[in-house]
Amino acid sequence: MFYDCRTRDHGLPHDPLKQCVVPRPIGWVSTVDGEGRVNLAPFSFFNLVSENPPLVIYCPVGAHAEGGEKDSLRNVREVGEFVVNVATWDLRDAVNASSAPAGSTVDEFELAGLTKEPSSLVRPPRVKESPLHLECRVAQVIRMPGAFGGVANCMVLGEVLGVHIRDDLLQDGLLKIDRLQPIARLGYQEYAVVRDTFTMPRPTRVAVAAE
Ligand SMILES: Cc1cc2nc3c(=O)[nH]c(=O)nc-3n(C[C@H](O)[C@H](O)[C@H](O)COP(=O)(O)O)c2cc1C
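Sequence order as written defines residue numbering, which begins from 1 separately in each chain. In keeping with the model being predicted, local features are shown solely for residues with a pLDDT of at least 70 and side-chain atom pairs are shown and tallied solely at 80 or more, while totals for entire chains, interfaces and linings include all residues. Note that water and hydrogens are dropped before the side-chain values are worked out from all heavy atoms of the structure.

1. Overview of the pattern of salt bridges
Inference 1: Put simply, a salt bridge is a Lys or Arg side-chain nitrogen that is within 4 Å of an Asp or Glu carboxyl oxygen. Scanning all chains against the criterion turns up twelve salt bridges.
Inference 2: Taking the shortest distance from any N to any O, the salt bridge between Glu 69 and Arg 77 comes out at 2.9 Å.
Inference 3: For Arg 126, the salt bridge is made with Glu 117, and the minimal N-O distance between the two is 3.8 Å.
Inference 4: We classify Arg 126 as buried; its relative accessible area is 8%.
Inference 5: A 1.4 Å probe rolled over the protein chains alone gives each residue an accessible area, and that area as a share of the maximum for its type sets the label: buried under 20%, exposed over 50%, partly exposed in between. Taking the relative accessible area as the measure of exposure, Glu 117 reaches 24% and is therefore partly exposed.
Inference 6: Several salt bridges share partner residues, and in doing so they unite Asp 33, Glu 35 and Arg 37 into one network.

2. Quick notes on the site of the ligand
Inference 1: Any residue with at least one heavy atom within 4 Å of a molecule or strand is counted as near it. Every one of the 20 residues lining the ligand counts as a neighbour, but Phe 45, Val 61, Lys 70, Asp 71 and Ser 72 are closest to it.
Inference 2: Here an oxygen atom of the ligand sits 2.8 Å away from a polar atom, N or O, in the main chain of Phe 45.
Inference 3: Each polar contact in these results corresponds to two N or O atoms within 3.5 Å; when the atoms are within protein, one needs to be able to donate a hydrogen and the other to accept it, and residues that are neighboring in sequence are counted only if both atoms are side-chain atoms. Interatomic distance of 2.9 Å between a backbone N/O atom of Cys 59 and a nitrogen atom of the ligand.
Inference 4: A run of DSSP states H or I qualifies as a helix once it reaches four residues; a run of E qualifies as a strand once it reaches two. Both are numbered from the N-terminal end. Looking at the shell around the ligand, the elements with two or more residues in it are β3 (38-43) and α2 (71-79).
Inference 5: Broken down by element, the residue count for the shell around the ligand peaks at four residues, all from β3.
Inference 6: For the shell around the ligand, the class distribution of residues is ten nonpolar, six polar and four charged. Asp, Glu, Lys and Arg are counted as charged, while Ala, Val, Leu, Ile, Met, Phe, Trp, Tyr, Cys and Pro are counted as nonpolar; the rest, among them Gly, fall into the polar class.

3. Looking at the packing of aromatic side chains
Inference 1: Each Phe, Tyr or Trp ring, with Trp reduced to its six-membered ring, pairs with another whose centre is within 6.5 Å; inter-plane angles below 30 degrees give stacked pairs, above 60 give edge-to-face pairs, and intermediate values give tilted ones. Under the counting rule described, the total for this entry stands at two aromatic pairs.
Inference 2: When the ring of Phe 43 is compared with that of Tyr 58, the centres are 4.9 Å apart and the planes differ by 50 degrees; the resulting orientation is tilted. Of this pair, Phe 43 sits in strand β3 while Tyr 58 is found in strand β5 (residues 54-58), placing the two residues 15 residues apart along the sequence.
Inference 3: Taking the relative accessible area as the measure of exposure, Tyr 58 reaches 0% and is therefore buried.
Inference 4: Ring geometry for Tyr 58 against Phe 82: centres 5.1 Å apart, planes inclined by 75 degrees, an arrangement best described as edge-to-face. With Tyr 58 in strand β5 and Phe 82 in strand β6 (residues 81-86), this pair connects stretches of sequence that are 24 residues apart.
Inference 5: Ring pairs connect the aromatic residues Phe 43, Tyr 58 and Phe 82, which therefore count as one cluster.

Next comes the structure, spelled out in structure tokens:
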């Protein structure tokens, strides 16, 4: 089949687009506003986009349930810092609970039964139950094409300042994915969990034959 994405005229019961780019890692983002009110929400429009300096993005698209920008966007505009907590299999219900369209004054740590742990370099707290955290400083907030509910879609670009890794995830100096068990977003209501990995060395340099 082919469909024109501009009209979304796919003729299927559900739009397949988000099932076409999978799996998407989930950045579970904690922020604070200028008064110290904490927010926590998952973002699957999320990724590591550069290594040196280490840069991550997450994209708040659409409006807050009460109107205006989502808390995860408004807060970083105010404070300029965020933490990415890794979403794992064990924490899947809490990840989902923290995505509820709650009021701005609601603390999603409490809503999802999670514990706050102070960060080392930034003001937003970490999710203690998550075994891996990236402490980030905002580099840029980029306005993307499109809007929903009167709010422009945005991309938050952040520099990773510090990384916490729970010691038991490490073996022989390597971070073991079968211990981390991160979850990822597919389309529809589906998720994946990463447990199986394989190793494939990069090809060596191919010499260009002289003419
Ligand atoms: C797994 C998952 C991934 C999500 N990814 C995104 C995303 O990439 N962008 C977005 O705007 N909302 C996403 N959402 C919805 C937000 O988490 C939700 O709107 C949340 O309440 C954010 O609003 P807040 O910043 O005001 O708390 C996702 C929800 C779930 C469960």
